[in-house]
Amino acid sequence: MNEEEMRELERKSRAAFDASVEAGDAATRSRLARARATALTELRHRGLGRATPWLPAGAAAAALVAAFLWQREEAVEPMTQGPVAYEDLDIVAGGEDFDLLGEDADFVAWAAEQALDGVG
Amino acid sequence: MEDEPVIRSATLDAPLSLGRPGAAREERVDRERALDRFLAGIERRAYRVACLALRDRAEAEDAVQDAMIRLVGHYALRPEDQWRPLFYRILRNRITDLQRRAGIRRAVMAFWSGGARDESAPDPIEDVADARGRPDEVIEGEELLARIEAVLATLSRRQREAFLFRNFEGLDVAQAAIAMGCSEGSVKTHYFRAMQALQGALGEWQA
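These numbers were taken from a predicted model, which means no experiment stands behind them.

Let's shift gears to the overall build of chain B. Counting its secondary structure elements, chain B contains 7 helices and 0 strands. Along chain B, from the amino end to the carboxyl end, the secondary structure elements read α-α-α-α-α-α-α. The proportion of buried residues among the 207 residues of chain B is 44%. Across chain B, contacts joining residues at least 24 apart in sequence account for 59% of those joining residues at least 6 apart. Carbon together with sulfur atoms contributes 51% to the accessible area of chain B, which is approximately 11,300 Å² in total.

Now for the interface of chain B and chain A. Chain B puts 56 residues into the contact, and the matching count from chain A is 37 residues. Roughly 4,400 Å² is buried in total at the junction of chain B and chain A, and carbon and sulfur atoms are behind 60% of that figure. Applying the counting criterion to the chain B and chain A interface returns 5 salt bridges. For the pair chain B and chain A, the number of links is 10 residue pairs in polar contact (both at pLDDT 80 or more). Of all elements in the fold, only α1 (23-54), α2 (57-75), α3 (80-112), α4 (136-152), α5 (157-168) and α7 (184-206) of chain B reach the threshold of two or more residues within the side of chain B that touches chain A. Per-class residue counts for the side of chain B that touches chain A are 26 nonpolar, 12 polar and 18 charged.

What follows is about the packing of helix α2 (residues 26-46) of chain A against α2(B). Put simply, α2(A) and α2(B) touch, their axes get as near as 9 Å, and they point 25° apart. Relative to α2(B), the element α2(A) lies roughly parallel. Handedness of the α2(A)/α2(B) crossing: right-handed. Together, T28(A), R31(A), L32(A), A35(A), R36(A), T38(A), A39(A), L40(A), L43(A) and R46(A) of α2(A) and E61(B), V64(B), Q65(B), M68(B), I69(B), V72(B) and G73(B) of α2(B) make up the contact between the two elements. Looking at the contact of α2(A) with α2(B) residue by residue, the classes come out as 9 nonpolar, 4 polar and 4 charged.

With that settled, the discussion passes to the confidence of the model for chain B. All names here are of chain B. A residue-level look at chain B finds 74% of positions with pLDDT of 70 or above and a mean pLDDT of 81. Low pLDDT, under 50, characterises residues 1-16; the stretch is placed with 20 contacts to residues that sit more than four places away or in other chains. Under the prediction, the complex receives an ipTM of 0.72, its pTM being 0.64.

A few words now on the packing of α5(B) against helix α6 (residues 173-180) of chain B. Any two packed helices are characterised by how steeply their axes cross, that is the angle between the axes, and by the distance between the axes. Residues and elements named next belong to chain B. Two elements in contact, α5 and α6, have axes separated by 10 Å at closest approach and are oriented at 135°. Comparing their axes, α6 and α5 come out oblique. Viewed along their axes, α5 and α6 form a crossing whose handedness is right-handed. Note on element contacts: α6 touches α5 through V173, A176, A179 and M180, opposite R158, E161, A162, F165 and R166. Grouping the constituent residues of the contact of α5 with α6 by class yields 6 nonpolar, no polar and 3 charged.

For the rest of this paragraph, the subject is the pattern of salt bridges. Residues and elements named next belong to chain A. The full count for this structure, using the stated rule, is 17 salt bridges over all chains. When the shortest N-O distance is used, the salt bridge between E3 and R7 registers 2.6 Å. Taken together, the residues span about one helical turn, with E3 and R7 both in helix α1 (residues 3-22) at a distance of 4 residues. Between E8 and R11 there is a salt bridge, with the nearest N and O atoms lying 3.0 Å from each other.

Residue and element names in this part refer to chain B. Here α2 contains 19 residues, and its C-alpha end-to-end distance of 26 Å stays within 8% of the 27 Å for a straight helix at 1.5 Å per residue. By the burial criterion, the buried members of α2 are E59, A60, E61, A63, V64, A67, M68, R70, L71, V72 and Y75. With a side-chain oxygen lying 3.1 Å from the backbone nitrogen of A58, the N-terminal cap of α2 falls on D56.

Along the polypeptide, R36(A) turns up in helix α2. Given a relative accessible area of 14%, R36(A) falls into the buried group.

What follows covers the environment of A76(B). Along the chain, A76(B) falls in the loop between α2 and α3. Along the sequence, A76(B) and L35(B) sit 41 residues apart, while their C-alpha atoms lie 7.4 Å from each other.

Taken as a class, soluble globular proteins show a tendency for nonpolar side chains to be buried jointly. Within the largest apolar cluster, 64 residues are counted, with the highest numbers of intra-cluster contacts made by V64(B), L71(B), F87(B), Y88(B), L91(B), F163(B) and F168(B). It is α1(B) that provides the largest number of residues to this core, a total of 13 residues. Apart from residues no more than four positions distant in its own chain, V64(B) is found in contact with L32(A), E43(B), A46(B), Y47(B), A50(B), F87(B) and L91(B).

Cut-offs applied
- Residues numbered from 1 in each chain as written.
- Chains lettered and ligands numbered in written order.
- Predicted model: local features only at pLDDT ≥ 70, side-chain atom pairs only at ≥ 80, totals over all residues.
- Heavy atoms only, no water.
- Helix = DSSP H or I, 4+ residues; strand = E, 2+ residues; numbered from the N terminus.
- Buried < 20%, exposed > 50% of the residue type's maximum accessible area, 1.4 Å probe, protein only.
- Contact = heavy atoms within 4.5 Å.
- Areas by Shrake-Rupley, 256 points an atom, 1.4 Å probe, with all protein chains shown as cover.
- Buried area = accessible area lost by both parts, 1.4 Å probe.
- Salt bridge = Lys/Arg side-chain N within 4 Å of Asp/Glu carboxyl O.
- Polar contact = N/O pair within 3.5 Å; in protein donor to acceptor, adjacent residues only side chain to side chain.
- Nonpolar A, V, L, I, M, F, W, Y, C, P; charged D, E, K, R; others polar.
- Axes fitted to C-alpha atoms, helices over the stretch in contact; angles between N-to-C directions.
- Parallel < 35°, antiparallel > 145°, perpendicular 65-115°, else oblique.
- Left-handed = near helix turned anticlockwise from the far one by under 90°.
- pLDDT = per-residue confidence, 0-100.
- Expected span 1.5 Å × (residues − 1).
- Core = buried A, V, L, I, M, F, W, Y, C linked by side-chain atoms within 4.5 Å.

See below:
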């Protein structure tokens, strides 16, 4: 495919898409406007909420690390404490406050693959 | 003499206005208006993209609404020029979730029905509206879009996303990379392959 053919296909397909957007029915437009209003109502109720979504997760993680370190000091054989702590971390990481992390999961997986490719 | 630079906050697009009575409320109202404008300008295109990816209008509406709520809930304080790629990043993740669930549902249905073909799956070319009484270019555009939709369904997820974001949504390479959660080079590669596949499938029809 040469450059000119590609540009032509891009132009035609975009024009077809734009036309389909403009041709959207009134009922769908109305439902989308309602969805937008719902989203903005959430903002009104919650406020801008600077950084607060991370506070509970941060506090839980800090408490977990502190508990882990304290257990290590107490333990006769520290190696036996490891798996328990990792399980706890999984439980915390599975919580709602970590859902932002989920949006980057694919990216993290991709970055890990790239790193492995670089090694191999 | 050079103009003095305006000091802006790290998270807001507007100059800092802390300490003034009512400033927080004004800031919230300004953000709300900006978000309303942004979402009003993007919602119909986002819905069409979600329709093309999911091939289900009700699920497409749900995905767009979820993306709106998450953008407003988590990224309202980000600079406005980041909203577009972030919105599509969230929408993409919702679409992927819904596709996975639909895949599991289909697999379960196929298992219980002994592997019979799913008759409810829409045929985009058959879905093209009745052509009578409408201009030729409109009919041609609808048919082209239906054929593109059929080809997109055969591409890999990454190729489909690259095409939808770059071509239909007009995101630049950097924005598409944020939306897809991959490198800019990866966006270019997937987009080129998608265009090759479309050209191969549509070439004869276009001629």
